[in-house]
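Descriptive structure summary
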Amino acid sequence: MADVTTPQLIEMVARSLWLITDGDAKFSITLPSGMAARHRLCTEMANIVKGLGYNGECGYNQLLYPSEATTRTILTFLVQKIPRAEEEAQEEMLGPNALLTRRIMAS
């Protein structure tokens with residue numbers, strides 16, 4: 001996480017928000033060249049992240065000037081919000097013992 005650059009973070013957040021909102025939140029995956037446009041983009045993204053229920057500090061600063069800890073928490077939150085395939089969701093509900101039994105039976 002320490003090596004994540006601003007352009008990489010913007011792309012990851014943009015793609016995650018697109019998946020989470022089923023395409024409603026569509027952002028450019030590239031960072032604009034102008035500073036005002038960068039601030040607008042990051043502010044809009046941060047507002048959507050907060051609207052999804054993120055409780056940590058999230059504003060344009062956290063996206064434009066990423067730190068390892070903040071980047072980790074924001075990306076972890078977004079990954080958890082990405083809709084899962086039905087089979088994956090069922091596996092999570094079953095628990096480890098049921099999954100082990102299922103795999104043994106399959107083999």
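Summarised in this report is the structure supplied together with it. (Residues numbered from 1 in each chain as written. Predicted model: local features only at pLDDT ≥ 70, side-chain atom pairs only at ≥ 80, totals over all residues. Heavy atoms only, no water.)

With respect to unusual backbone geometry
- Positive phi, normally seen in glycine, also occurs at D22, with a value near 55 degrees.
- Residue placement: D22 occurs in the loop between α1 (6-20) and α2 (35-51). (Helix = DSSP H or I, 4+ residues; strand = E, 2+ residues; numbered from the N terminus.)

Quick notes on the nonpolar core
- In this structure, V13, L17, M45, V49, L63 and L78 are the most contacted members of the largest nonpolar core, which totals 23 residues.
- Of all elements in the fold, only α1, α2, α3 (60-64) and α4 (68-81) reach the threshold of two or more residues within this core.
- Look past the residues within four positions of L78 in its chain and what remains in contact with it is V13, S16, L17, I20, V49 and L52. (Core = buried A, V, L, I, M, F, W, Y, C linked by side-chain atoms within 4.5 Å. Buried < 20%, exposed > 50% of the residue type's maximum accessible area, 1.4 Å probe, protein only. Contact = heavy atoms within 4.5 Å.)

Regarding the state of the cysteines
- Under the criterion given, the structure shown has 0 disulfides.
- With no disulfide of its own, C42 lies closest to C58 among cysteine sulfurs, the gap being 9.4 Å. (Disulfide = S-S within 2.5 Å.)

Some thoughts on α4
- Under the 1.5 Å per step criterion, the end-to-end length of α4 is 20 Å for 14 residues, consistent within 8% with the ideal 20 Å.
- Listed as buried for α4 are T70, T71, I74, L75, F77 and L78. The arc enclosing the buried residues of α4, seen along the axis, measures out at 155 degrees, which places them on a common side. Exposed residues on α4 whose side chains face more than 90 degrees from its buried face are A69, V79 and Q80.
- Where α4 is buried, its residues contact α1, α2 and α3. (Expected span 1.5 Å × (residues − 1). Arc of directions from axis to C-beta.)

Quick notes on the packing of α1 against α4
- Where α1 meets α4, the closest approach of the two axes is 9 Å, and the angle between their N-to-C directions is 25 degrees. Our classification of the angle between α1 and α4 gives roughly parallel. For the element pair α1 and α4, the recorded crossing hand is left-handed. For the pair α1 and α4, contact is made by L9, M12, V13, S16, L17 and I20 and by T71, L75, L78 and K81, respectively.
- When the residues that make up the contact of α1 with α4 are grouped by side-chain class, the tally is 7 nonpolar, 2 polar and 1 charged. (Axes fitted to C-alpha atoms, helices over the stretch in contact; angles between N-to-C directions. Parallel < 35°, antiparallel > 145°, perpendicular 65-115°, else oblique. Left-handed = near helix turned anticlockwise from the far one by under 90°. Nonpolar A, V, L, I, M, F, W, Y, C, P; charged D, E, K, R; others polar.)

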